[in-house]
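Residue-level structure breakdown
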Amino acid sequence: MPGKILSPQAKVQPEGGYIGFKIGDLFEIKPTKAYRMTNDDLYATKGLVPVVSNSSVNNGIGGYVSLAPTESGNIITYSDTTTSDAIFYQPNDFIGYSHVQGLYPKQSGWTEKSLLYFIAAFKKSAGGKFDYANKFNRAVAAQLTVILPATASGQPDLSFMSSRIRELEEERIRELEAYIKACGFDDTALTPPEINKLRSMENKDLRYRRFRIIDLFEVNNAHNILKTDIVMGSGTTPYVTACEGNNSVAGYINYDNRFIESGDVVFIGGKTLVITYQAEDFFSNDSHNLLLRSKSEERNTENVQLFYVAALSKALQHKYSWGNSISKAKITSDYITLPVDQLGDVDYTTMDLCVNAMKKNIISKLEAFFSRESKVYHSVLKSI
């Protein structure tokens, strides 16, 4: 039976209060089943079955393959080689990957929303304790205590957890709706040029050409500002690292402006090959990070820069890894594939239109999701 949906204004506490539970008492912790697979296999994305990798973004999914799933959905996965952010709920059947662990509930009744609540509680308990140098292995995971709402009998209150997540979802939906309107995307209708460019891309009618990266960009190393030298939250300038989440922004700081990097630049995390577009001025955590500034600045819309990010990721992801990281010297021999016009020059108009059309399509899907979820939420409220 679904849990009671709480009013957003309600200050209801679980009957048993909040209790600490060891993860090992709630879940069986074991490696997810995986095939032998290289990075090239993973990034080939030639199928529909997700491969849950060590990634900290995209719900941990590194790619999609044409193999039978090795794991059933409705479980939690985490990577024991990265940070504690790499923990995700997997709704669908999937294939595991090296170093990806699974949390398999010992008690029946865990749903998507109660598992999502557990993930949030876990991140609060983990509190940045685990990273590349301090692995979150199975033995450590089993003993970690997570604070959860409890029933009167001292068991995890799964109904309360599910209701609280549903509440928060509705709140975030309203915030996202307001944000989209404020950004001018309340009209998601595609223009005729956008429709034509999307069709050309889908039908593979666009013309492409390979370009040397250094012919299109000025490439420089970033400054090196150690985490030990800054105070997180001390300012408003982004502190950008090689992490995958949150556009690689680890926090906001105040620091010596002699070390600031100018925005409107493509940023490559040198050790992890995480590629992002940084619109604003920022500080970098590592001199191994690369800054790619377009030589055609007059054509640099945000959409064009985002197209660069996607194209660079496609061109470089399969080539570099932690053990073979990219560098300013190595990138001189790398190429990027971009659409071109009739003269064979980079077609910035096509890049801009295609990305803008994709944005509109994604926002349109979000709006449909908002509408559907809001109707469900309010219908449940009326039935209480």
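The notes below deal with the structure included here. (Residues numbered from 1 in each chain as written. Predicted model: local features only at pLDDT ≥ 70, side-chain atom pairs only at ≥ 80, totals over all residues. Heavy atoms only, no water.)

Before going further, it helps to spend a moment on the pattern of salt bridges. Taken as a whole, this structure holds 12 salt bridges when the rule is applied. In this structure, K30 and E28 form a salt bridge, with 3.9 Å as the shortest nitrogen-oxygen distance. A residue is classified by how much of its surface remains accessible, and K30, at 30% relative accessible area, is partly exposed. Here E170 makes a salt bridge to R174, at a shortest N to O gap of 3.5 Å. (Salt bridge = Lys/Arg side-chain N within 4 Å of Asp/Glu carboxyl O. Buried < 20%, exposed > 50% of the residue type's maximum accessible area, 1.4 Å probe, protein only.)

Looking now at the sheet that holds strand β10 (residues 217-221). Strand pairing in a sheet relies on backbone hydrogen bonds, with the paired strands running either antiparallel or parallel. The strand order β10-β16-β13-β14 describes an open sheet built from four strands, whose pairing is antiparallel. Both outer strands of the open sheet, β10 and β14 (275-278), are each paired with one neighbouring strand and no more. Ignoring strand direction, the axes of neighbouring strands in this sheet form an average angle of 25 degrees. Bridge count between strand β13 (residues 265-268) and strand β16 (residues 290-294): three bridges; the pairing is antiparallel. Its bridge partner lying in β16, F267 is registered against L291. Sitting on the sheet, helix α8 (residues 302-316) touches β10, β13, β14 and β16, and the angle it makes with β14 is about 165 degrees. (Pairing = 2+ DSSP bridges. Helix = DSSP H or I, 4+ residues; strand = E, 2+ residues; numbered from the N terminus. Axes fitted to C-alpha atoms, helices over the stretch in contact; angles between N-to-C directions. Contact = heavy atoms within 4.5 Å.)

Spatial ordering of the open sheet is given by β12-β11-β15, a layout of three strands whose pairing is mixed. Single-partner strands in this sheet number two, and they are β12 (249-253) and β15 (283-284). Pairing of strand β11 (residues 237-240) with β15, which is carried by two bridges, proceeds in the parallel orientation. By the bridge assignment for β15, Y239 is matched with F283.

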